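Listed below are the residues making up each chain.
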Amino acid sequence: MTAPAGAPRAPYRPLLTEDQLAHLPANHPLRRAEGEIRANTASSPMLLALTGRGNQASHRPVWFMRQAGRSLPEYRAAREGIAMLDACLTPELAAEITVQPVRRHAVDAGIFFSDIVIPMKLAGVDVDIVPGRGPVLSSPVRTLEDVRALPELEDSALDVIREAIAATVEKLGDTPLIGFAGAPFTVAAYMVEGGPSRDHLRPRTMMHADPQAWKELGAWAARTAGQFLRAQIETGASAVQLFDSWAGSLSEGDYRRYVQEHSAASLAAVEEFGVPRIHFGTGTGELLGAMYEAGADVMGVDYRLPLDIASQRLGGKVVLQGNIDPALLAAGPEVLYPHVDSVLQAGSAAPSHVVNLGHGVPPTTDPQVLTDLVSYIHRKTARTV
Ligand code: CP3
């Protein structure tokens, strides 16, 4: 049995201290001086809420997972004739696509336009994203030999990401950029299956049947995710999110035994910077505590679990993000707004609340619904000073 990823840490561990910020370049958006043309992001509503000081923000911040993407006509136009992974690896295009939803919806952060498979692609793994299906590998990784043959991600291969991030934060000004990586389990699930799957049977079999292969694959995915996150923070991301989209297929026991240490390693790789680390999964109501203990600062909650219950499960001490049900975006305002009110109400149970969906924006979403929703949330939570 592997060692637990560390005892639950004290809440309100201070973030963004001078010591931590000293690890970032002087022109990083979290550091650059007020009064510069582009003021810094440290006192934006998003960073205030992510660091547990939402009560000092002018309103409750909001961003949407998959806010950049097919719901936007300008995205579809920009992507015309360009394959998904090529778009991710063209810095100016990735920057432009990242900024599109910020311009249109006035959300409080950009989420870097990239994909969880980009680090493996940059390491040299033959992976593609098949439209309407998702990531597909030409050779699934199923044995210890397969794992040991995986190429290491060279730091210089991340230069294209650094360039994209630098171009993005230049455009975003004082709106923070959230970087991200796929968590080791979710990434490994694609690698072992060779493509998307419903129940993630192969990776779940592998962790029990061939724990050594699983351990080495988890460690590879954790290292790679850590490098990807570091590159994004060093060049301008003001927060990061670790997406463990498929962790909800695991029991808590298996999560703690086979997965937690790897997610903890990815998060620990960027701890020194002190930027908020959001940890998100779907169907992970039973894993909230274990995922928090992996080293998160903020927990993303999907739409299945009301935020007040999530907060209670975490002892009332953890900043939460979530969790408007994406299905209700298409249900009409009479249904959507009462639901949003209940999410805002339940989110008040946490020390601070970052509003988001409980999973990504469906591609069929009418973008006006999102624009109106952002404006409603901003008005409804505005603090009069
Ligand atoms: O706003 C954002 O969130 C943009 C950045 C982003 C993308 N993918 C862009 C993307 C992020 C953070 C991701 C993460 C990602 N990728 C996850 C974790 C988040 C989640 O949704 O659970 C996962 C599981 C993937 C793997 C992946 N990539 C899938 C399952 C798909 C869908 C395939 C399809 O065509 O339906 C992708 C492709 C993808 N990633 C798209 C976008 C905008 C759609 C591609 C397109 O527009 O053609």
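Further up the page is the structure itself.
Residues numbered from 1 in each chain as written. Predicted model: local features only at pLDDT ≥ 70, side-chain atom pairs only at ≥ 80, totals over all residues. Heavy atoms only, no water.

Novice: Can you explain the overall build of the protein chain? Please cite residues and give values.
Specialist: In terms of helices and strands, the protein chain carries 16 helices and nine strands. Relative to the globule expectation of 21 Å for 385 residues, the C-alpha radius of gyration of the protein chain, 19 Å, shows essentially globular dimensions. On the principal axes, the C-alpha backbone points of the protein chain span a range of 60 × 45 × 45 Å. Here the protein chain holds 385 residues, and the buried ones make up 58% of them. Of the side-chain charges in the protein chain, 34 are positive and 43 negative, and the distance between the mean point of each set is 3 Å. (Helix = DSSP H or I, 4+ residues; strand = E, 2+ residues; numbered from the N terminus. Rg over C-alpha atoms; globule rule 2.2 N^0.38 Å. Buried < 20%, exposed > 50% of the residue type's maximum accessible area, 1.4 Å probe, protein only. Lys, Arg positive; Asp, Glu negative; His and termini not counted. Charge placed at Lys NZ, Arg CZ, Asp CG, Glu CD.)

Novice: Can you explain the site of the ligand? Please cite residues and give values.
Specialist: In the vicinity of the ligand there are 26 residues, among which Tyr 75, Asp 115, Gly 132, Ser 245 and His 359 approach most closely. Ala 68 places a main-chain nitrogen or oxygen 3.2 Å from an oxygen atom of the ligand. At 3.1 Å from an oxygen atom of the ligand is found a side-chain nitrogen or oxygen belonging to Arg 70. Taking 870 Å² as the accessible area of the ligand by itself, protein coverage stands at 91%. At the level of secondary structure, the elements contributing two or more residues to the shell around the ligand comprise α3 (73-79) and β3 (134-137). When grouped by side-chain class, the residues that make up the shell around the ligand number 15 nonpolar, six polar and five charged. (Near = heavy atom within 4 Å. Polar contact = N/O pair within 3.5 Å; in protein donor to acceptor, adjacent residues only side chain to side chain. Areas by Shrake-Rupley, 256 points an atom, 1.4 Å probe, with all protein chains shown as cover. Nonpolar A, V, L, I, M, F, W, Y, C, P; charged D, E, K, R; others polar.)

Novice: Give a description of the packing of aromatic side chains that names residues and reports values.
Specialist: This structure, assessed with the given rule, holds six aromatic pairs. Relative to Phe 280, the ring of Phe 243 lies with its centre 6.1 Å away and its plane at 80 degrees, an arrangement referred to as edge-to-face. Note that Phe 243 is positioned in strand β5 (residues 239-244) and Phe 280 in strand β6 (residues 277-281), a separation of 37 residues in sequence. One exposure class covers both Phe 243 and Phe 280, and it is buried. Following the ring pairs from residue to residue traces out a cluster consisting of Phe 180, Phe 228, Phe 243 and Phe 280. (Phe/Tyr/Trp six-rings, centres within 6.5 Å; stacked < 30°, edge-to-face > 60°.)

Novice: I'd love a proper account of the packing of helix α9 (residues 184-193) against helix α11 (residues 211-235), names of residues and values included.
Specialist: Viewed as axis vectors pointing N to C, α9 and α11 meet at an angle of 120 degrees, and their least axial separation amounts to 9 Å. Considering how the two elements wind past one another, α9 and α11 form a crossing that is right-handed. Judged by residue contacts, Pro 184, Phe 185, Ala 188, Met 191 and Val 192 of α9 engage Trp 214, Leu 217, Gly 218, Trp 220, Ala 221 and Ala 222 from α11. A breakdown of the residues in the contact of α9 with α11 according to their chemical character gives ten nonpolar, one polar and no charged. (Axes fitted to C-alpha atoms, helices over the stretch in contact; angles between N-to-C directions. Left-handed = near helix turned anticlockwise from the far one by under 90°. Contact = heavy atoms within 4.5 Å.)

Novice: Go over the pairing of strand β4 (residues 177-182), please, and point to the residues and values.
Specialist: Summarising burial for β4: six of the six residues are buried, a large majority. Here β4 shows two buried faces, one formed by Leu 177, Gly 179 and Ala 181 and the other by Ile 178, Phe 180 and Gly 182. Relative to β4, strand β1 (residues 110-111) is paired through two bridges, and the arrangement is parallel. Residue pairing for β4: Ile 111 is matched across the bridge by Ile 178. Pairing geometry for β4 and β5, over five bridges, is parallel. Bridged to Ile 178 within β5 is Ala 239. (Pairing = 2+ DSSP bridges.)

Novice: A description of the packing of helix α10 (residues 201-209) against α11 should follow, citing residues and the corresponding values.
Specialist: Between two packed helices, both the angle of their axes relative to each other and the distance between the axes serve to describe the pair. As a packed pair, α10 and α11 sit with axes 5 Å apart at the nearest point and diverge in direction by 115 degrees. Here α10 contributes Pro 203, Met 206, Met 207, His 208 and Ala 209 to the contact with α11, which in turn contributes Pro 211, Ala 213, Trp 214 and Leu 217. Residue composition of the contact of α10 with α11, by class: eight nonpolar, one polar and no charged.

Interpretation in functional terms is not warranted from these geometric data alone.
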